[in-house]
Amino acid sequence: MTEVRGVPSGTTRRAVLRNTAFIAMAGMSASACSVFSTEPDGGGNGNGGGGGKGPEAPMLAERVEAGDLPPVTERLPTNPLVVPPTDRIGDYGGTWRSAVTGGADGPWLHRTIGYEPLMRFTRDWTGQVPNVAESITPNDDASEYVITLRAGHRWSDGEPLTTADVLFGYEHVVLNRDLVQGHPPTLARGEDPMELVIVDDHTFIVRFSGPNALFLSDMARQVDGDRLVAYPRHYLERFHGDFAEDAGSRARAAGFDTWQEHFNYLGNDWGVLWTNPDLPSLKAWICVDPLDTGTVARFERNPYYFKTDPDGSQLPYIDEVRYDVVPEAETMLLRAQNGDFDFHSRHFTSMENRPVLAESQDRGGYRFIDYESTYSTEMVISLNLNHADDAMREVFRRKDFRVALSHAIDRQELINAVWQRQGEPHQVAPTPESRFRDEEFATQYLEHDPERANEILDSLGYDARDSDGWRLRPDGEPITITVDVAEDAVITVWVQAMEQVARHWEAVGIRTLVNPMPRENFEVRLGDNRHDASVWTGDGGRGDEVTYPLWYLPHPINAGSDWARHWANWYRTRGQGPDADTEEPPEIPRRQIELYDEMLAEPDEERRDELFREILDIAREQFWVIGTVRVSSGYGIVSTDLHNVGGSLPDASTFNTPAPAAPEQWFFGAPE
């Protein structure tokens, strides 16, 4: 399960940098009503007073009684978002228990309690519906969108959410090059940043220099969809040099050299909602005990949350979410078997561990939830085509070298030994369910053929070997590939799988070292361009091919394409990034970038698909990265006391699994 890697594109320099079709609002309305609606749908008892449970959580009712909070009717928007329950109306109370491996595991918080963009994906990932935005209305060519916020919507400290926050965030943060390096691609058309027009306190217009057909789906993604409503002006302007004369002295008193560093630390890093409990939020649960200060991160219900159930009772149902910091996956597995987690679907949820967890279901009091994998492969191997060493760069950029490495891999051995006989060999290409399926792309160079691999390597001029049998570069140095692996990231078997691949490559004379490390170190090494090669999941296999294409072309989404970070940074900054981090791509990847820009500006869906297929054709021909094994399903565990979670879900970082299952309407009760 891939997710936000470091920091969103167009956010900060110190955080690692961060990106299906156009669907008009009218075209979504029928399906939208079955998942999220701005009007009650007749569910529950329909009395508008919260039924037997009341209109708000008891813990908040006590604060109202004590005079610490205004009544719930004053805390909700005029038109709250009504969330129909997955199964039934719930009850208030309880603590959702989960775990993280440490500070670098913030993406799990994004996936579970951090998903409140302007739009929101439907549970089945067939479209997107309004969320923080009450409505988004495009013009005919998708170059302009009128966005309306909910009157009466408030930040978690009770201050109103208005277009003043949008204006502050866009003009004084996103467009401030001392705070943000480069412009977020989702808020631009090519090199042209969007224009923001404020209409009134709750209405604003975003205007692009031409059609931006993916804007609605962009606004349903985590981070991209939050960006225009992520900066509470009343709190953050106190630390911004354009508004506060003492911003510099405040920063120095806090241990920072500049106000910009201090501002980003407090409100413009990707993890601030987990590390700064003072930052007002729009999420269902707000930070009480930060992730970076102890062994537990704790979040309590937001008293100003903007959603209700059909009875009119304010959500969320669950009082508190608690994440224990558990660095070791094996320890996390043991705790899961003991029933210590109410919902979890990463770190220990490998195919290898499913039988182990199945044996403990009754004792642990949990069930399985199935995930529908959307990944092209469980492990993408990407050589660094922007390597800092010229000799290594020359080796890695030779397509036939990558082809030889692919033929050297025994994928069936990986399937048998690592993936518990589950899966099939597959390259980094759209899956069989994708409308962009290309059988040749998905199956090329998959044959385990060491003889062919040796022939190719010899023909490339790497036939000379040293006394240990390692092939030599033209400069006489052995070809050595160190593969960085984030051992505490998403797929728990990456180290084991890569050790097998290392044996396969060494069998054809390529010295290979596997370099496992904590995810935080992994992100830093890739961000600093100090890696030879790395592994990650194959996003963009189904459902997010167009919006998450980082394996198909050098794209700046997330932290940027791991195989070409400097080319991706050039795309993100349009060549204006620091020389140390930016390299103009050669002709072929430049052509892909041009096609992608053309696709983004194309209002006709059929023509957009044609342009994206051209990008995929080039990716197939160039074979930028190496695929391994595709597995069609994954899983998580759910406490038998936790309800409204529902059944199977698509699994993708773009989808932000499990967030579209609406955790705000999950609740605890006796097992059914």
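Our subject is the structure that appears above.
I will try to describe carefully the structure that is included in this document. Quantities reported herein were computed from a predicted structural model and do not represent experimental measurements.

Some remarks on the environment of Thr137
- With respect to the helices and strands, Thr137 occurs in strand β5 (residues 133–138).
- Exposure remark for Thr137: the relative accessible area of 44% places this residue in the partly exposed category.
- With 79 residues separating them in the primary sequence, Thr137 and Leu216 have C-alpha atoms 9.4 Å apart.

Here's the deal with the packing of aromatic side chains
- Enumeration over the complete set of coordinates arrives at 35 aromatic pairs.
- Arranged with centres 4.6 Å apart and planes meeting at 40°, the rings of Tyr145 and Phe215 form a pair that is tilted. Of this pair, Tyr145 sits in strand β6 (residues 144–149) while Phe215 sits in helix α6 (residues 215–218); the two residues are 70 residues apart in sequence, bridging distant segments of the chain. Neither residue differs from the other here; Tyr145 and Phe215 are each classed as buried.
- With a centroid separation of 5.9 Å and 80° between ring planes, the pair formed by Trp274 and Phe299 is classed as edge-to-face. Here Phe299 lies in strand β12 (residues 296–301) and Trp274 lies in helix α10 (residues 272–275), a separation of 25 residues in the sequence.
- Among the residues examined, Phe299 registers a relative accessible area of 1% and is labelled buried.
- Here the guanidinium or amino end of Arg354 rests over the ring plane of Phe368, the centre of that ring lying 4.4 Å away.
- When the ring centre of Tyr635 is taken as reference, the NZ or CZ atom of Arg354 above it lies at 4.9 Å.

Things to note about the sheet that holds strand β20 (residues 511–517)
- Pairing in this open sheet of four strands is mixed, and the strands run β17-β21-β19-β20 from one edge to the other. Looking at strand neighbours, the two that pair on one side only are β17 (380–383) and β20, the edges of this open sheet. Each strand axis lies, on average, 25° off the axis of its neighbour in the sheet, ignoring direction.
- Judged from the four bridges that link them, β17 and strand β21 (residues 533–536) form a sheet pairing that is antiparallel.

Some thoughts on the nonpolar core
- The biggest cluster of nonpolar side chains holds 88 residues, and the ones touching the most others in it are Trp96, Leu118, Val206, Leu228, Phe299, Tyr323 and Phe343.
- If one sorts the elements of this core by residue count, helix α5 (residues 163–174) sits on top with five residues.
- With sequence-adjacent residues up to four places away left out, Val206 is seen in contact with Ser143, Glu144, Tyr145, Ile147, Met194, Glu195, Leu196, Phe215 and Leu228.
- Residues Ala429, Val495, Trp567 and Phe623 belong to the second largest nonpolar core, which totals 82 residues.

Things to note about unusual backbone geometry
- Residue Leu315 is joined to Pro316 through a cis peptide bond whose omega torsion reads 5°.
- Tracing the chain through its elements places Pro316 in the loop between β13 (307–308) and β14 (320–325).
- A cis amide bond links Thr657 to the next residue, Pro658, at an omega of 5°.
- Relative to the assigned elements, Pro658 resides in the loop between β25 (649–651) and β26 (667–668).
- Non-glycine residue Tyr445 carries a positive phi angle of around 60°.
- Considering the arrangement of structural elements, one finds Tyr445 in the loop between α17 (439–443) and α18 (450–459).

What to know about the environment of Glu545
- Note that Glu545 resides in the loop between β21 and α21 (565–573).
- Along the backbone, Glu545 and Pro430 are 115 residues apart, and their C-alpha atoms lie at a distance of 7.1 Å.
- For Glu545, the residues in contact, after removing those within four places along its chain, are Ser434, Arg435, Phe436, Gly540, Tyr552 and Phe612.

Focus: the side chain of His347
- Here His347 is to be found in the loop between β15 (343–344) and α12 (354–359).
- Using a relative accessible area of 3% as the deciding quantity, one classes His347 as buried.
- Polar side-chain contacts of His347 include one of 3.1 Å to the side chain of His344.
- At 3.3 Å, the side chain of His347 forms a polar contact with the side chain of Arg346.
- Apart from the residues lying within four places of it in its own chain, the contact partners of His347 are Ala99, Thr101, Asp105, Ala329, Met332, Asp488, Ala489, Val490 and Thr492.

Focus on the pattern of salt bridges
- A complete count under the given rule lists 50 salt bridges for this structure.
- We note a salt bridge from Arg435 to Asp609, for which the minimum N-O separation is 3.0 Å. Of this pair, Arg435 sits in the loop between β18 (424–425) and α17 while Asp609 sits in helix α23 (residues 605–622); the two residues are 174 residues apart in sequence, bridging distant segments of the chain.
- With relative accessibility at 39%, the residue Arg435 sits in the partly exposed group.
- Two residues, Arg530 and Asp528, come together in a salt bridge whose shortest N-O distance is 3.5 Å.
- Judged by relative accessible area, which is 45%, Arg530 ranks as partly exposed.
- Note on Asp528: relative accessible area 45%, which makes it partly exposed.
- Each member of the salt-bridge network shares a partner with another, and the members are Glu116, Arg120, Lys307 and Glu664.

The rules we used
Counting of residues starts from 1 at the beginning of each chain's written sequence and follows it residue by residue. At least 70 in pLDDT is required for a residue's local features to be given in this predicted model, at least 80 for side-chain atom pairs to be given and counted, and no such filter applies to totals for whole chains, interfaces and linings, which use all residues. Excluded from the side-chain calculations are hydrogens and water; all other atoms, namely the structure's heavy atoms, are used. Only runs of H or I of at least four residues qualify as helices and only runs of E of at least two qualify as strands under DSSP, and these elements are numbered from the N terminus. We call a residue buried when its accessible area falls under 20% of the maximum for its residue type, exposed when it is over 50%, and partly exposed in between, using a 1.4 Å probe and counting protein chains only. Pairs were defined over the aromatic rings of Phe, Tyr and Trp, the Trp ring being its six-membered one, requiring ring centres within 6.5 Å. Orientation was assigned from the angle between planes: stacked under 30 degrees, edge-to-face over 60, tilted for the rest. In this scheme, Lys NZ or Arg CZ marks a charge over a ring once it lies within 6 Å of the ring centre and within 35 degrees of the ring normal. Any two strands with at least two DSSP-identified bridges between them are counted as paired. For helices, the axis comes from a line fit to the C-alpha atoms of the stretch in contact; other axes are also lines fit to C-alpha atoms, and the angle between any two N-to-C directions lies between 0 and 180 degrees. To form a nonpolar core, buried Ala, Val, Leu, Ile, Met, Phe, Trp, Tyr and Cys residues must be joined to one another through side-chain atoms within 4.5 Å. Contact criterion: two residues are considered in contact whenever any of their non-hydrogen atoms come within 4.5 Å of each other. Polar contacts, as counted here, are pairs of nitrogen or oxygen atoms within 3.5 Å of one another; within protein the pair requires one atom able to donate a hydrogen and one able to accept it, and residues that are adjacent in sequence qualify only if both atoms are side-chain atoms. By convention in these notes, a salt bridge is any Lys or Arg side-chain nitrogen within 4 Å of a carboxyl oxygen on Asp or Glu.

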